[in-house]
Amino acid sequence: MNRIEKKFRALKRKNKKALIVFITAGYPSLSITKKLILEFDKIGVDIVEIGVPFSDPLADGPVIQESSQVALQNKVTLGKILGLVKELRRFTDIPLALMTYYNPIFCFGERIFIRQARAAGVDGLIIPDLPPEEGRTLMRLAHKNQVDVISFISPTTSRLRMKHIAGISRGFIYYVSLTGVTGPRAKLPLDLQKQIRAVKQITVKPVCVGFGVSSASQVKKIYQIADGVIVGSAIIKKIKQNLKRKDLIERVSRYIRGLKQ
């Protein structure tokens, strides 16, 4: 059992829900990414999803795309991100999951990557463009090294496929709230409650909702039906709004405190 699984067990005992925060590694710099993650731990974020910048992020909207481009211009690589995780582990035990596309892992080498990810202190992997059928080898390697591969279910997923994904996913199930890319939305889908209920009928694994979440009221609604919520683009947007401010860390943290409350 790794940190992600321990976290959800601890939350369940306390009858609480998970707040999962996404940030792009290296936006605006790796040093600020490190400071943000350490601050997130202090204010009670449950899991941090670290985005690996990629040139063709097919699941991401313009906000995260822009942050990835900045990080790539800053020469941020998968190797440097693993180094960041290793450095973070000197100061925090917060669960950390890498959100990456498959190409960086393929170029790194699956076996070497999983071994180094485990050694650095990575707890989970979220890979939007790797179907389970194509990821069997990687998933076996990850399982052997106690790294959770977190799978997606979306509004268009059939019930039969839901059962398959629920059976192989580890850590938690990432429910994509809408058909589209990441990015803040003013409203949640009207049928979200129905969709989450359908997923929870076929699995006891935690179900967390992401894509489009940007306000405390939305977080509150999702907490009523799911086991956790993932907020990403709204946080990247908040970072961008405060890039030139000395109190960037505090301003972003204040926004996240508002989501938690």
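That block above? That's the structure.
Source: prediction; values computed, not measured.

### Section: unusual backbone geometry
Most peptide bonds are trans, and most residues other than glycine sit at a negative phi.
Logical step 1: A cis geometry characterises the amide bond from Y27 onward to P28, with omega recorded as 0°.
Logical step 2: The topology assignment puts P28 in the loop between β1 (18-24) and α2 (30-43).

### Concerning the pattern of salt bridges
Logical step 1: Within the structure shown, the criterion is met by 15 salt bridges.
Logical step 2: The partner of D46 in a salt bridge is K7, with the nearest N and O atoms 3.7 Å apart. Within this pair, whereas D46 is found in the loop between α2 and β2 (47-51), its partner K7 is found in helix α1 (residues 3-13), the two being separated by 39 residues in sequence.
Logical step 3: Judged by its relative accessible area of 25%, K7 falls in the partly exposed class.

### Some thoughts on the side chain of S253
Logical step 1: Take S253: it is sitting in helix α12 (residues 248-260).
Logical step 2: For S253, the residues in contact, after removing those within four places along its chain, are E39 and I43.

### A few points about the side chain of S151
Logical step 1: Positionally, S151 belongs in the loop between β5 (148-150) and β6 (152-153).
Logical step 2: Under the relative-accessibility criterion, S151 is labelled buried at 7%.
Logical step 3: Each residue touching S151, except ones within four places of it in the same chain, is listed here: M139, I165, I168, S169, F172, I173 and Y174.

### Quick word on the pairing of strand β7 (residues 173-176)
Logical step 1: With burial as the criterion, each face of β7 is covered, one bearing I173 and Y175 and the other bearing Y174 and V176.
Logical step 2: Pairing of β7 with strand β8 (residues 207-210) involves 4 bridges; the strand directions are parallel. The partner of I173 across the bridge, within β8, is V207.

### Details of empty space enclosed by the protein
Logical step 1: Taken as a whole, this structure holds 2 cavities of 30 Å³ or more when the rule is applied.
Logical step 2: Within this model, the second largest cavity holds a volume of roughly 40 Å³.
Logical step 3: Lining the second largest cavity are F22, T24, G51, V52, P57, D60, I64, S68, M99 and Y101.
Logical step 4: Looking at the lining of the second largest cavity, the elements with two or more residues in it are β1 and α3 (62-73).
Logical step 5: Of the residues belonging to the lining of the second largest cavity, the class tally is 6 nonpolar, 3 polar and 1 charged.

Conventions used here
Residues numbered from 1 in each chain as written. Predicted model: local features only at pLDDT ≥ 70, side-chain atom pairs only at ≥ 80, totals over all residues. Heavy atoms only, no water. Helix = DSSP H or I, 4+ residues; strand = E, 2+ residues; numbered from the N terminus. Salt bridge = Lys/Arg side-chain N within 4 Å of Asp/Glu carboxyl O. Buried < 20%, exposed > 50% of the residue type's maximum accessible area, 1.4 Å probe, protein only. Contact = heavy atoms within 4.5 Å. Pairing = 2+ DSSP bridges. 1 Å grid on protein atoms, 1.4 Å probe; cavity = no way out; pocket = protein on both sides within 12 Å on 5 of 7 lines; lining within 4 Å. Points joined across faces, edges and corners; volume = space filled by probe spheres on them. Nonpolar A, V, L, I, M, F, W, Y, C, P; charged D, E, K, R; others polar.

Limitation: the analysis is restricted to geometry and does not speak to function.
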